[in-house]
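# A closer look at the structure
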Amino acid sequence: MSIRISQSLRFVTRGTRLTSVLLFAVLCTAVPARGEAPAPTPTSALPSWMKPPEHVLSPPESASLSPDGLRAAWTSDDHKSIYGATRNEAAAEWAAPARLVSTRGTVGKIVFSPDGKSIAYENARNWRGDGTPNDRWQFICVYEMGTRQVSYVDPSFDIDTNPSWSSDGTQVSFTRSVDGLPEARLTKSITRLKGAAWQTPARRPSERFTMADIIAAPYIYPVAPSADGRSIAYITREARSRNVYFMRTGAPAVRVARYPEDDGRDLADVAVSRSGDAVAYVRGGNLNKQGESPNPAGTTDMPRQQVWIVGTANDVPRYLGPGSEPMFTPDNRHVLWRAAGTVKFAELLWSGHRLVGVGEPVDWLLGEHDGMRFSPDGSKIAYERSTGIEIYDVASQTAVVIPHGADTDLGPAWSPDGKQLAFRREPSDSPGIARNVCGGGERYCGPMIAAQPWAIWVADLADLRPRRIWQAGPGVGSVYYPLDQDYSPGQHGDQLFWSADGRIGFVWERDGWRHLYSVPSSGGEARLLTAGDGEVETAALSPDRKSIFYATNIGDLGRRHISVVGFDGVPARSITSGEKSQWAPTPLADGALAYIGAGWADPPAVVVRNAGGSTQRASLPKVPVGFPSALLVRPTLVEFPASDGQTAFGQLFVPARPVGCAIVFSHGGIRRQMLPGFHYMDAYQYLYEMNQYLASRGCIVLSVEYRSSIMRGEAFRDAPGWGFSENSEIRDFVGAAKFLMARKDVDANRGVGIYGLSWGGYMTAEALALHSDLFKVGFDMAGVHTAADDVGYAHSAVGHLDTWTSPVFLTQGDDDMNVDFNDGTVLARALQARRPDVEFKQRVLPGQTHDLYQTYEQLVEIYAEGSEFLLGHLGVK
């Protein structure tokens, strides 16, 4: 039986198409010139707490006054904004108040500078809010009236209070508090407000190239195809600039949107209309638990996550509204997106193939709807809601849910004729998908075995009676290990692929490797499609539904290449190979294929391959003229013994003229694998570039592929004792240090440096705490430092501070949505209070997210600062 739903949803539709109830209007402010940055969000679109207080006519008695009495500043009722007012003379009436700045957290004490042109204020931040001792931190901020910019005064993991100005207004003093230590009064210079132009650091005599030079290489996000398969769009980061490009097959790429400000606001979720006449995208980073978008640039208006659309025929971007995940309807008449618990739509006005207008946004579906997928004819939409799958019929404006009891249904995939729907079912007693973390929200650190294995089900739309067509066996593979489709273009997380001849493709770890299989949609045995050691990482269905293109390391475990396979079991065929890597395969019309390729000295580029095998490299983006390709070193894939005799892997960077120092790098994830070249993930491209920079300074760098990394099979990924259960990974890092110190071109007396991000930061701290005899210095970026309640700090560096002697540099962004900022405060405060003899350097990046890369400026600065800390302690000048 089916369950019909109507009361919980709200629909604005007519007939078989979505119809806007409002007139067409061009929304928001158009960009001055094609591809230039759009104007700020209109005041009318701001949340109520960011608007000027109409009811306040003059400053309250609690307001702070400038020394000359002509300016006043005070906090809003919720303490999230600062308002100000001015007057011409001390006895005159105050002008109407205006909002000066809104902030994450709350504002405390406000103090004017001696000249009255700036204010210093307390900014309390809180992430967890659960009352734990380290859940609060506080910064001192400076707001400059003239530039309307905010800067932070020596931000740290500690609590800073009670600001005051020096008599000349060039310094701010404040009190710093750390649990277990006496309060300290510090004085810091106000060096540069954000309004001053940032200058790329000049190359020093000791540098062959600068950190800014190498990080300026373009990073390209996976391409998205149009529904007709004849055009693509993609987003790039190019130093300070973020861009959206569009390309028709056989034609050069063109830039359709440009944001050059380095303001920390991501571009994401690019989507292309059916015939490639419009591109939609999201501007602004993911929202944190408070519903805030990242603000690393410290802008006075809190950024919002917004949806934009731009025509590809010499158009300018148009603002649609707050939200994310835009998609076009199959008939090209509407654009949809998710926003604050609703699905919105806007009608599109075309003149031929030219976008000439966009309707006002209208609420369409109320509630959360994940993974929306239109049926082939566009008459229905399937999506995940709660633990089930619903199907909405556009014509009847009703939705039905596929019965699922206590089980969870995920990943709907339509049959070619739109009459059936396949999906994955997770039994209620299953531990669920094999998760990517151990130490964040999930604390289980071992092999994933389900009491009741996952299965593939199919439902006929005629009666919605689901039937199981296949189920995984017990043991390895009984818990679903998904494709990494977050990095795959245009598939929106597809995990099932329905062929033209009625077979369903999927991945399964039956033999300990994530391989592709197929099964008849009517039921039957699973057929292996991709044999060999190695795994399928991402996959995409061809437009004719006859084959699957996929990125894999089968046959080349340290790299990525693209292959294609049918559903019938005929051996797969390699599309790419060689020393470079290729990823994100995107099948197009007429047998064409788009993908991204990169080498060890060649930054990523979009490539389109036609059915005959000829390739066209996209003309944009261009590699900067000053990029140091000729100065990079060729990494080699190596194996070495861990301290327990197990085999570990890595990429070794050996400079042409080693100076005797050695550094170990630990990736994060934890489920990651580095490549011997530029990477398919943005953060890991930048970390690869940092490895190259350290090698350019004469250090031998070993990027460790430790146990629990991916793409080497389930046994390696779920190695015994990984994570907080025993931290068995540390044995690979001890082995890495000894492997390096045994080299003739390494001065073993200097020891080894270590650095890493996220789980790599955890491994850095663990190495320093447990093995300071080997690791003489560390750079810990956003490390995981608090363990589960049931294991306490037994396998966290905080539990081993007594043996920690090596210097450490600790950094993290306080808007980290991956690792609780509390992890950083715990370690920072414990080191300061319990081990004051250990050299400790800290730098917090307010408003910055987990990967520290929201702005080019801050990424260059923190990578350069961390590199100098490592190199200096290893005797490199």
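Check the entry above for the structure.
To keep things clear, this report deals only with the structure shown in the data block. Since this is a predicted model, take the numbers as computed values, not measurements.

### Notes on the packing of aromatic side chains
Applying the stated rule across the entire model yields 32 aromatic pairs. Taking 6.1 Å as the distance between ring centres and 20° as the angle between the ring planes, the aromatic pair formed by Phe506 and Tyr517 counts as stacked. Here Phe506 is found in strand β37 (residues 503–508), whereas its partner Tyr517 is found in strand β38 (residues 515–520), with 11 residues between them in sequence. Residue classification places Phe506 among the buried residues on the basis of a relative accessible area of 0%. A cation sits over an aromatic face here: Arg671 above Trp722, 4.2 Å from the ring centre. Seen from the ring of Phe809, Lys841 lies directly overhead, with NZ or CZ sitting 5.2 Å from the centre.

### Focus on empty space enclosed by the protein
In the structure shown here, the tally under the stated rule is 5 cavities of 30 Å³ or more. In this structure, the largest cavity spans a volume of roughly 120 Å³. Lining of the largest cavity is provided by 20 residues; of these, Thr103, Arg104, Arg125, Tyr152 and Asn295 occupy positions nearest its centre. For the lining of the largest cavity, the element with the highest residue contribution is strand β8 (residues 118–126), accounting for 3 residues. For the lining of the largest cavity, the per-class residue count stands at 7 nonpolar, 9 polar and 4 charged.

### With respect to the pairing of strand β31 (residues 398–401)
Of the two faces of β31, both are covered, the one formed by Thr398 and Val400 as well as the one formed by Ala399 and Val401. Alignment of strand β30 (residues 388–393) against β31, held across 4 bridges, turns out to be antiparallel. Paired with Glu390 across the two strands is Val401, which belongs to β31. Hairpin geometry of β30 and β31 is characterised by an intervening segment of 4 residues between the two adjacent antiparallel strands and by a positive phi of about 60° at Gln397.

### Quick look at the state of the cysteines
Under the criterion given, the structure shown has 1 disulfide. Shown here is the disulfide that connects Cys661 with Cys699, its sulfur atoms set 1.7 Å apart. Measuring the twist about the S-S bond at about -115°, one finds the Cys661-Cys699 disulfide to be left-handed. Of the two residues, Cys661 sits in the loop between β49 (647–653) and β50 (662–666) while Cys699 sits in the loop between α2 (682–696) and β51 (700–705), which places them 38 residues apart along the sequence. For Cys661, a relative accessible area of 1% translates into the label buried.

### Let's talk about the sheet that holds strand β39 (residues 527–528)
Taken in spatial order, the 4 strands of this open sheet run β36-β37-β38-β39, and their pairing is antiparallel. For this open sheet the edge positions go to β36 (497–498) and β39, each flanked by a neighbour on one side alone. With 2 bridges connecting them, β36 and β37 associate as antiparallel partners. Within the sheet, the bridge partner assigned to Trp498 lies in β37 and is Ile504.

### A few points about the packing of α2 against helix α7 (residues 856–873)
It is at 11 Å that the axes of α2 and α7 come closest, and there the two elements cross at 40°. When the axis of α2 is compared with that of α7, the two are oblique. Crossing geometry of α2 relative to α7 is assigned as right-handed. Taking contact as the criterion, the partners of Ala683, Tyr686, Leu687, Met690, Tyr693 and Leu694 in α2 are, on α7, Leu859, Tyr863, Ser867, Glu868 and Leu871. Looking at the contact of α2 with α7 residue by residue, the class counts come to 9 nonpolar, 1 polar and 1 charged.

### Some words on unusual backbone geometry
Here the bond from Leu620 into Pro621 is cis, since omega is 0°, no more than 30 degrees from zero. Note that the residue after Gly669, namely Ile670, is joined by a cis bond; omega there is 5°. Relative to the assigned elements, Ile670 resides in the loop between β50 and α2. With a phi close to 55°, Asn727 is a non-glycine residue in the positive phi region. For Asn727, the position within the fold is in the loop between α3 (714–717) and α4 (730–741). For Asn727, a relative accessible area of 2% translates into the label buried. Positive phi values are uncommon outside glycine, yet Leu852 reaches one of about 65°.

### Brief notes about the pairing of strand β19 (residues 267–272)
The side chains of a regular strand alternate, first on one face of the sheet and then on the other. Bridge analysis of β19 against strand β20 (residues 278–283) gives 4 bridges, and the strand direction is antiparallel. Across the sheet, residue Ala268 finds its bridge partner in β20, namely Val282. Linking β19 back to β20 in an antiparallel pair, the connection comprises 5 residues, with Gly276 at a positive phi of about 75°.

### Here's the deal with the sheet that holds strand β34 (residues 455–460)
Strand order in this open sheet of 4 strands is β32-β33-β34-β35, and the pairing throughout is antiparallel. Because the sheet does not close on itself, it has two edges, and the strands there are β32 (408–414) and β35 (466–471). Along the sheet, successive strands turn relative to each other by an average axial angle of 30°, direction set aside. Note that β34 and β35 share 5 bridges and pair antiparallel. Paired with Ile456 across the bridge in β35 is Trp470.

### Comments concerning the pattern of salt bridges
Where side chains of opposite charge bring their charged atoms close, a pairing between them can arise. Under the criterion given, the structure shown has 48 salt bridges. Glu207 is paired through a salt bridge with Arg204; the nearest N and O atoms lie 3.4 Å apart. The class for Glu207 is buried, based on a relative accessible area of 6%. Across the pair Arg338 and Asp370 runs a salt bridge, and its minimum N-O distance is 2.7 Å. Placement of Arg338 in strand β24 (residues 334–339) and of Asp370 in strand β28 (residues 370–374) is noted, with a sequence separation of 32 residues between them. Assessed through its relative accessible area of 32%, Asp370 is described here as partly exposed.

### Considerations on the side chain of Thr398
For Thr398, the location among the structural elements is in strand β31. Residue Thr398 is classed as buried on the basis of its relative accessible area, which comes to 17%. Of the polar contacts made by the side chain of Thr398, one reaches the side chain of Ser396; its length is 2.8 Å.

Rules behind the numbers
Residues numbered from 1 in each chain as written. Predicted model: local features only at pLDDT ≥ 70, side-chain atom pairs only at ≥ 80, totals over all residues. Heavy atoms only, no water. Phe/Tyr/Trp six-rings, centres within 6.5 Å; stacked < 30°, edge-to-face > 60°. Helix = DSSP H or I, 4+ residues; strand = E, 2+ residues; numbered from the N terminus. Buried < 20%, exposed > 50% of the residue type's maximum accessible area, 1.4 Å probe, protein only. Lys NZ or Arg CZ within 6 Å of the ring centre and 35° of its normal. 1 Å grid on protein atoms, 1.4 Å probe; cavity = no way out; pocket = protein on both sides within 12 Å on 5 of 7 lines; lining within 4 Å. Points joined across faces, edges and corners; volume = space filled by probe spheres on them. Nonpolar A, V, L, I, M, F, W, Y, C, P; charged D, E, K, R; others polar. Pairing = 2+ DSSP bridges. Disulfide = S-S within 2.5 Å. Axes fitted to C-alpha atoms, helices over the stretch in contact; angles between N-to-C directions. Parallel < 35°, antiparallel > 145°, perpendicular 65-115°, else oblique. Left-handed = near helix turned anticlockwise from the far one by under 90°. Contact = heavy atoms within 4.5 Å. Salt bridge = Lys/Arg side-chain N within 4 Å of Asp/Glu carboxyl O. Polar contact = N/O pair within 3.5 Å; in protein donor to acceptor, adjacent residues only side chain to side chain.

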